[in-house]
Amino acid sequence: MKERSLPASPNWYCSRCCDVNGSGILGFGAKNTIYLIDVSAASCRTVGELVGHKDLVSGFSFCQHAGQSHVCVSSSTDGTLRFWDSEKKVLIREHAYHQNAVTAVHWSPLDKNLVVSGDEKGVVVCQWYNTGDTASFFPEPRTIFCLSCSPHTWSSVAVGYKDGMIVLIDVSKKGEVMHRLRGHDDEIHSLAWAPLANEDVLHSRSEDGTETSGVAEEEEKGFHLASGSKDQTVRIWNTAKGKGVMTLKLPYLKKRGSAVDSGVKERLWLNVLWPKGKPTQLVSSCFSGELVMWDLTKMGKQKWTLFGSSSEGQNHSRIVFNTSSVQLQDGRELLISTSMDREIKCWDLDSLDCCWTLPTLGGFVYALTFSLVASGCLALGVGDNMIRVWNTLTIQNQYDTRSFWQSIKSKVTALAWHPKKEGSLAFGTDDGKVGIYEVFSNKPPQISSSYHRKTVYTLAWGPPVPPAPLAEGKLSCSLYSCAGEGVILQHDLSKLSGEASDVDRLIRDTNSITHKLSPHTDLSWKPDGKVVAIGNEDGCIDVFQAPRLKLLCSIQQHHKIINTLRWHHQHTAASELHFLLASGSSNATVYVHDLRSVIENPPESPTVLTEPLSGHTAKITGMAWSPHHDARLVTVSYDGTAQVWDVLQEAALSNYRGHVGFLLCVDWSPVDPDVIWTGGKDFTVQEWRVSQQEFTKPPKGKKMVDLKEKMKANPKLKKKNKKASGGGATAAEINGEGVTGERAASAAGQQPSGDDEEEVSSTSSPAPPPVGLETQRKPSTVLKSREKPELNLLPQKKKKPRSMLPISTSMDHRPKEELLQDCITLASITNNHPPPAGCVPGRGEHIHLGLFSDRQALYRMFEAEEEGHVEAGHYDSVTYLRLWTGDLEGALQAAMEKGEISDHLLSIAPMAGFAVWKKTVEAYIRQLCLQEQYLKAASHLLSINKLYEAIELLRSHKLYREAIALVKARLPADEPELKELYTSWAAVLEKDGHFSAAAKCYLAAGSSFDAAKVISRKNDVSSLRTATSLAWICGESGLAESLSLRCAKDLAAAEDWLGAQEVLSSQESLLVHSLHFCVAELLAATLAEAQVVTRAGVSSHRWASPGERQTSIQDRVRDVWEEEFGVTENSDGHRSVGVLLQELKSVESPQLTANLPLRQVLLYSAFHLTRAVLSWMLQDDAELIKELWQAVAQLRNAGQFSICAEFCRLLFPDGDISICSRKYHKTLHHAEGGAKAAADSLQAFVHYHRLYESWWSSGAPSSSEETINSAENQDSTENNSSGNQEIRIRPSDLPDNRNGDKVHGDLSDSGLPVQRFDKMDFDGSLLLSEAQAAFQATQRSMTQIQERLAAMVLQHSRAQGSQADVPTQTSTSKTTAETSDSQRPAAAEERPDEQETLLSLSTKMSAYQKQLAELPDTVKMFPHPDVLECCLVLLHLRSSCVSGSLQQKAKDLLRKYATSGSVLKASQRFLS
């Protein structure tokens, strides 16, 4: 029975590796074991393990149904699923339906028998627990990261993939995909279903934050699903619609004492959990181990609350991988979390405070030791590069543990508390480091400057020995370390930065030893500090007297490496026990030596106190004397058990078998005589009671059983062994192994070579496993055996090599009579006497006589042996037999036929001649190709001068690098084969995305154009710059210009203006594009100054700083061109205005597309403004006015109302387009038709924007009267970049204000004061063009007819699909009518849709198209603002502001053209 224990760390990077059942049992996978923890609000306790998986546990889930909650399922990367009974700790059944590593498993919360699992290849398997039936699906060819069964519909399963896709499948319909949820762009780490169905509160807002209609969505409400992804977002999905409802961006939480760098994407695992008792709240992990509770009903930015915020240090310190929740009987709900910091925490979901923390271990427990000063303070040295110090006597927190990791950086393999100084802990590591921690302070450790070359295995405090000063102070002591290279160093605490001393020097000097000392493996100081025992690799124990280390005696009872030594404690009344030394080695035997007479009066040879303590079946790794008893010892072994001995009675008292795997360390509790602590390979530390153990002796291993049976069969051998040992059993008696002197793994099924330690960090770590403990401790020096030859009574048998002549050899094992008859037969043959009838030496029953007769008989024997080897499949033996007979060609031919050619046979093949050798090489090449050893095959092709075949072999198997190296080394530089290889390799590299390597291949092949193109495929700025430079160097000027322009455009789109101009300035031929980007930068800066766009530029020029508001932008452009680029009207050469304009005209004019970003729209507008300024400098007024119109049209067509208005003000500050520039005294003259139409259109748009300014300045419209819903505007009004919603008139929303009375108040709806407006200062008649009104009315009518035609086609297809079902048609008709109601003519509204036919609508469409064709081209090419909209705005102005003729004209136009929908409705108030 275990009292307390620290379990192994839960596995990392698994989506669901822990779960809690309704009884409060937490199960989690750690390495290949499942640990079971009984959790409550106050504490936790380990209750058992489920052992059986051969590989890492990747998933774990309990059945959450009453009566079956003790059943659980686990998955593993070995492809298996195992069902367990967690109460009985037994395996129920195992299944291996997956062919690949299983990555996720979940037991359905709705169906008590359904278990769903998924693997890394995308296969989903459903298994029914009660029947064992299975069904497999393959919904997506992607790697599955997680999956979750719905708690509302048993057949719905959500599957999350590595690439960010989430798929909802229906397992009742053969895995049919119901929805694919797209939104995440990285790994899906976790999925969680809402505990309740149809959560109305989540339907109040859609994902973009706009209000949604509850009535419209009532039919499609589905169950909600939460997903957490590596892209740092949590998304809530509506599974009925297959769309996102809400997106939660993880907050960056500022750590104490550090700033937040949001630009650094930290390592993240995003786990989500929907608590059962809190359906509107969601728990998720965060960047650095924090847990946050999201309130899904809360508005605003901060919807989250941090766990553990009431006090410091409650949260995890590293990322959280798994969370599970359980509801207690009192109604409280607990949350369990596992983290990379190797801690399991329990949280109260009401207070969000941490209830308790359970530390876990992520490596072998190499050392544990109790402090002699701080009672109950247990130090643990663990293979996860950390030291734990556990206060085992704390009552409130049973797991009060602190971790120390600074400056360690390797496995902690040895520990030793200072015998007098409180809190001083020495540690040794796997990389040979020795240091000292002061555990009750926050200081970093002191590190000795002397490092061992190999792993430190033992640390011991003892009195100083020379050359250290022999101080007399009570606290004066040195630290001794023993490591794998066999050296013991003495570290002086007063100068750890100095060099440590090697005690071997003192031993040699004091004892006059000249030979090489055996490597040391352990040491132990007697508690009084007068004697030290040192164990050696050869099994010898040397006892030295301090301080000069005079050798008192050498003990040679062990014959294998000494692993542990311990002196009996001194606080006992029996002084004779003070001289007991216990020793354990790799021969599985414990010896206890009484050294009293040796120390007080050294004899010639030491005595042995008792018979060996035999029982362990594998090597001894640690031991400890009980501080509460006399002569009571506990030992731990590689046999996986801890054994308690009564040394005086030579009796085994108790055997503990609670660990899984070998044990490495042990210590006795300093406060409880019945409690022992052990640690080992299974990553756990366990506390157990001696009195409660079921067994008294270790289990019998296979070697022990075999040895006892052998001794029963040969009792003489047993007596001989005992006599030779001098009364004490030797290692050979115990385990039947010879004396090797090596510290290798031994005995009893615990083979560490197959159980290498690894961090429980990832299920797919590629790092090679570290060397096992037994190998690490084996010194590299040459072993010096000190055992006596007569003690090696049972030598270890070596495996005999296979006989070349097995048949004849077997004939020598016949009965004695037959063997004697063979002698007579052989004598008859050799002395020419007649042999027995039928006797032919070397054949039949006399095959073995061929070895003793003539050569022909030997050959006959060889033939029979060959036949036997062929039947046994030993073809190599056949070859060697033929080789022995001199038939080398036959031997080679046999090897070729069987594909058994070896390097040795090939090396002797030349003895048979060139032709045979060449034939053998060719056969060997074919054999190597079948074995996929292509490089070796190519090398042998070279040996027979087949260079081109070797090159082709390498190329055909895509070994391009080696093939190219071979060609360059053996063929001329102009070899065509070389270019072909480079080109082929480049194509493969380019396909795989290795563009830089592909470019190098193209360059080597002389294809510089292809090299530049392939580098530019990356399409980032640095790649484009590199490709440009490469193209210039290689003389590809055209490509260089194209790439430079691409790079500059990318930089300009990101508003890195300095970078864009830098790229273009290196090439004079791109000057016109420099001018374009100059205009774009000026335009962006000016608009940002006017606060209509947000300036987010990375860099900008000084000339783009704000200028005078009354200066037109074209004037600023000309000034900058002249100052910065030297471009004027009189420039010549490549700066000539005509040349520049011609180059810019050769560039295709950019076309607007849907959803184009604003920055790109501004670039397009700047393009036409650049053309306009160049045309101005050439005095081409017609082109100037057309390009200005195009520049304004780009913004207008993109729906940027406010930016277009500001741009018009920048072009024409006076509002008159005829005044192009006051600085350069430029006025526009436009008599030509197209230019005149463009000028009128441009002037109309300038007046259009001024009209709105006039209307707004006449009085701010109240929200109840004149607020316009921009979403309903048929002219596609958009939001501007600064986020302020623009107001444009929609006739259907105009107020009933026929007299145009002034609206009271002098504030705009933004709260800013407005300028009073008394009379229009521009000619409004230009806005009321009848030709434009007719053109726009015709367009509206054609649009309405097109919509009605589309509605009729849709209605017809729906009716046909539902077999002309009347209710469906009625519903469709109603929907169609509602859709087009706002744009249907009044006459059409009075009659049903059925009266309209396809023919009548087509006739109307033809009539409108004819009207449109009759209109002048200039009207269609250069449209004006919406004439009817302008009419309504003019009529809304006060009558004193607008002339009567203008008002009358507006009314006439409304009467004539306002014939449909909302326009007609809005105009009625003015026309009645």
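Residues numbered from 1 in each chain as written. Predicted model: local features only at pLDDT ≥ 70, side-chain atom pairs only at ≥ 80, totals over all residues. Heavy atoms only, no water.

### Regarding helix α10 (residues 855-872)
Helical geometry note: an α-helix holds 3.6 residues per turn, so side chains three or four residues apart project in the same direction.
Link 1 in the chain: The terminal C-alpha atoms of α10, which comprises 18 residues, lie 25 Å apart, in line with the 26 Å expected from a rise of 1.5 Å per residue.
Link 2 in the chain: Those residues of α10 that sit buried are Ala857, Met861, Phe862, Glu865, Glu866 and His869. (Helix = DSSP H or I, 4+ residues; strand = E, 2+ residues; numbered from the N terminus. Expected span 1.5 Å × (residues − 1). Buried < 20%, exposed > 50% of the residue type's maximum accessible area, 1.4 Å probe, protein only.)

### Topic: the sheet that holds strand β40 (residues 488-491)
Link 1 in the chain: Across the sheet, which stays open at both edges, the four strands sit in the order β38-β39-β40-β41 with antiparallel pairing between neighbours. Looking at which strands have only one partner, the edges of the open sheet turn out to be β38 (456-462) and β41 (501-502). (Pairing = 2+ DSSP bridges.)

### Quick look at unusual backbone geometry
Link 1 in the chain: Between proline 466 and proline 467 the backbone carries a cis peptide bond, its omega angle lying at 10°.
Link 2 in the chain: Looking at where proline 467 falls in the secondary structure, it is placed in the loop between β38 and β39 (478-483).
Link 3 in the chain: Of note, the bond from alanine 546 into proline 547 is cis; its omega dihedral lies within 30 degrees of zero at 0°.
Link 4 in the chain: Structurally, the position occupied by proline 547 is in the loop between β44 (541-545) and β45 (550-555).
Link 5 in the chain: Phi at serine 407 is positive, roughly 65°, even though this residue is not glycine.
Link 6 in the chain: Secondary-structure assignment places serine 407 in the loop between β33 (401-404) and β34 (412-417).
Link 7 in the chain: With a phi angle near 60°, asparagine 832 is a residue other than glycine that sits in the positive phi range.
Link 8 in the chain: Inspection of the secondary structure assignment puts asparagine 832 in the loop between α9 (816-830) and α10.

### Concerning the pairing of strand β18 (residues 188-193)
Link 1 in the chain: Burial within β18 is extensive, with six of its six residues counted as buried.
Link 2 in the chain: Here β18 pairs with strand β19 (residues 224-229) via five bridges, running antiparallel. Paired with isoleucine 188 across the strands is serine 229, a residue of β19.

### Structural notes on the pairing of strand β28 (residues 343-348)
Link 1 in the chain: Within β28, five of the six residues are buried, which leaves it mostly tucked inside the rest of the structure.
Link 2 in the chain: Hairpin geometry of strand β27 (residues 333-339) and β28 is characterised by an intervening segment of three residues between the two adjacent antiparallel strands and by a positive phi of about 65° at arginine 342.
Link 3 in the chain: Following β28, the chain reverses through four residues before pairing antiparallel with strand β29 (residues 353-359); leucine 352 in that reversal takes a positive phi of roughly 60°.

### Structural notes on the packing of aromatic side chains
Link 1 in the chain: Tallying each qualifying case throughout the model produces 30 aromatic pairs.
Link 2 in the chain: Considering the side-chain rings of tyrosine 13 and phenylalanine 321, the 4.8 Å spacing of their centres and the 65° angle between planes classify their relative orientation as edge-to-face. Of the two residues, tyrosine 13 sits in the loop between β1 (2-6) and β2 (18-20) while phenylalanine 321 sits in strand β26 (residues 320-327), which places them 308 residues apart along the sequence.
Link 3 in the chain: Look at tyrosine 13 and you get partly exposed, because its relative accessible area is 27%.
Link 4 in the chain: In this structure phenylalanine 321 comes out as buried when scored by relative accessible area, which is 1%.
Link 5 in the chain: With 6.5 Å between their ring centres and 85° between their planes, phenylalanine 1245 and tyrosine 1248 make a pair best called edge-to-face. (Phe/Tyr/Trp six-rings, centres within 6.5 Å; stacked < 30°, edge-to-face > 60°.)

### Details of the confidence of the model for the protein
Link 1 in the chain: In this model, the protein carries a mean pLDDT of 80, and residues with pLDDT of at least 70 account for 81%.
Link 2 in the chain: Predicted confidence is poor over residues 203-220, with pLDDT under 50, and the contacts of this stretch with residues over four places away or in other chains come to 24 contacts.
Link 3 in the chain: A low-confidence stretch, residues 256-265 stays under pLDDT 50, and its non-local contacts, those more than four residues away or across chains, total eleven contacts. (pLDDT = per-residue confidence, 0-100. Contact = heavy atoms within 4.5 Å.)

### Here's the deal with helix α34 (residues 1398-1414)
Link 1 in the chain: Look at α34: 25 Å from first C-alpha to last across 17 residues, which is about the 24 Å you get at 1.5 Å a residue.
Link 2 in the chain: Along α34, the residues classified as buried are Leu1401, Met1405 and Leu1412. Buried residues of α34, viewed axially, fall in a sector of 40°; they line one side. Opposite the buried face of α34, by more than 90 degrees, sit the exposed residues Leu1399, Lys1410, Ala1413 and Glu1414. (Arc of directions from axis to C-beta.)

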